[in-house]
Each structure stands twice: as C-alpha cells, then as structure tokens.
Amino acid sequence: MDAPHLRLEETGETFALLEPLTTVGRGKGVDISLEDPSVSRLHAEIVRRGPHVYVSDLGLSINGTRVNGRPVGKRVLLEGDVLSFGTARTRVGGLSTETDDAIELRRISAPDLTRRELEVLTALCRPALQQDAFVAPATAHDMADELVVTEAAVKQHLLRLYQKFRIAEGINRRARLANEVISAGVVRPLPTDVEVDARRAG
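Treat the numbers as computed from the prediction; the structure is a model and nothing was measured.

Participant: For this particular structure, what's the right way to read the environment of Met-143?
Facilitator: Tracing the backbone shows Met-143 in helix α3 (residues 140–147). The class for Met-143 is buried, based on a relative accessible area of 0%. Each C-alpha atom, one on Met-143 and one on Thr-122, is 9.2 Å from the other, the two residues being 21 residues apart in sequence. Other than its neighbours up to four places away in sequence, Met-143 contacts Val-120, Ala-123, Leu-124, Ala-138, Val-154, Leu-158 and Arg-174.

See the structure below:
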C-alpha cells in the first residue's frame, strides 16, 4: 500500500489514512477501531496536512500514545515510526522518504512528554477547557487535589514543563503555559454538552 497507512503489528491488518482527520479508538464510530482493552474508546487522532501526517493524543486515555516508545501529546510522524495506542502497536508506512521537512517539524513541535506531565497539563488547562471564555488555569493546589499528589510535586512538574515549552519567568507563567499547550494541540478542548448531543443525534 503506497498511501499513508498504519499496519497493526499483531495481525498485519492495514488501515489507510486517506482523510484529513482519522480517529483511533476502541469505541463505536471511530475510523480505526482497535479491539484492545488498553485502547480508550476515543484514544487519538491522526491528521494529514499536505505531505505531513501527525498524531494527537486526546488526553482521554489512561495508557497514552507513544511514538517509538516515547509518550507524546502531538507528534509529526515519519516513515517506519512505531505508533502505539496503549499496548496496540502499529507501524507507519506510505509516507514520503523526503523527510527533511518532517524531521524539522518534529524537532520544533511540542516536546516529548511523560504521562504524568500530560496529566499535569490536562489538570492545568481543565478550567479553561470547560468554559466558553478563557478563565484562569488551575492552581497548584487544585492540580495536586485532582492528581492526588503534593503541591511540591506539581510545582516540580511545572518547572520542567516551563523549560520544555520555553515559558520565560514572569507574571502569569501558568496562564502562558496553558495558552501554549492548548494552541499546540497538546491538550484538547472538551466537547460541550451541545456538541455531545449533536453527535449522538447524528
């Protein structure tokens, strides 16, 4: 198959990536359905933009998305990458071998994140993602309560995240980090009740 595709390593089954947006999960209504208990009902999206293909973890899964074994929030894909949803392993194929642009995009795209860092970012952005208008991001205390860890642990994760996303010291640092990760697509807005009802009706 010459078109961009994913090949499921366990069975050899191939899924073509023909649309601009392909959803991956275990639930009904997804484009690529993986019958693996470690895969969430709506796990990730694969997006085609011109010659480039990238994966975006939706932050709804317990087991996360990995590229070549490393947890990712959003990542440009290259030919031969091993893309894992939970423990379901697929291999990327059909991409152009002219990868210089893709390699550069991958270098400057959202940094590699640990699962805990993704959880901290999701908790940080949750107030903004659940409102129609932007509100202040969660406090370290709120994040600690949600993640059942100490405030000190949250602050250590935030310090590393400021460095990874190159958020300079200064006022509103948490808000600037939240804006950056939302705009980069690392953390996705949650669907509103109206959108959920519309999807169910559709």
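Participant: Help me out: how do you make sense of α3 in this one?
Facilitator: Because an α-helix completes one turn every 3.6 residues, residues spaced three or four positions apart along the sequence face the same direction. For α3, the set of buried residues is Ala-140, Met-143, Ala-144 and Leu-147. With its buried residues spanning 100° around the axis, α3 presents them on a single face. A positive backbone phi angle near 55° is found at Val-148, which sits one or two residues after α3.

Participant: Please clarify how the environment of Glu-117 should be interpreted in this entry.
Facilitator: Residue position: Glu-117 is located in helix α2 (residues 115–129). When the C-alpha positions of Glu-117 and Arg-160 are compared, they lie 8.8 Å apart, and in sequence the two are 43 residues distant. Apart from the residues within four sequence positions on either side, Glu-117 is in contact with Asp-112, His-157, Arg-160, Leu-161 and Lys-164. A distance of 3.0 Å separates a polar atom in the side chain of Glu-117 from the backbone nitrogen of Thr-114.

Participant: Explain helix α4 (residues 151–164) to me, please; I cannot follow it from the model alone.
Facilitator: If you check α4, its first and last C-alpha atoms are 20 Å apart, about what 14 residues at 1.5 Å a residue would give, namely 20 Å. Inspection of α4 places Val-154, His-157, Leu-158, Leu-161 and Tyr-162 among the buried residues, and these make up the whole buried set. Down the axis of α4, the sector holding all buried residues measures 145°, keeping them to one side. Residues of α4 that are exposed and point more than 90 degrees away from the buried face comprise Ala-152 and Gln-163. After α4 finishes, the residue Arg-166 shows a positive phi value of roughly 55°.

Rules used throughout
- Residues numbered from 1 in each chain as written.
- Predicted model: local features only at pLDDT ≥ 70, side-chain atom pairs only at ≥ 80, totals over all residues.
- Heavy atoms only, no water.
- Helix = DSSP H or I, 4+ residues; strand = E, 2+ residues; numbered from the N terminus.
- Buried < 20%, exposed > 50% of the residue type's maximum accessible area, 1.4 Å probe, protein only.
- Contact = heavy atoms within 4.5 Å.
- Arc of directions from axis to C-beta.
- Polar contact = N/O pair within 3.5 Å; in protein donor to acceptor, adjacent residues only side chain to side chain.
- Expected span 1.5 Å × (residues − 1).

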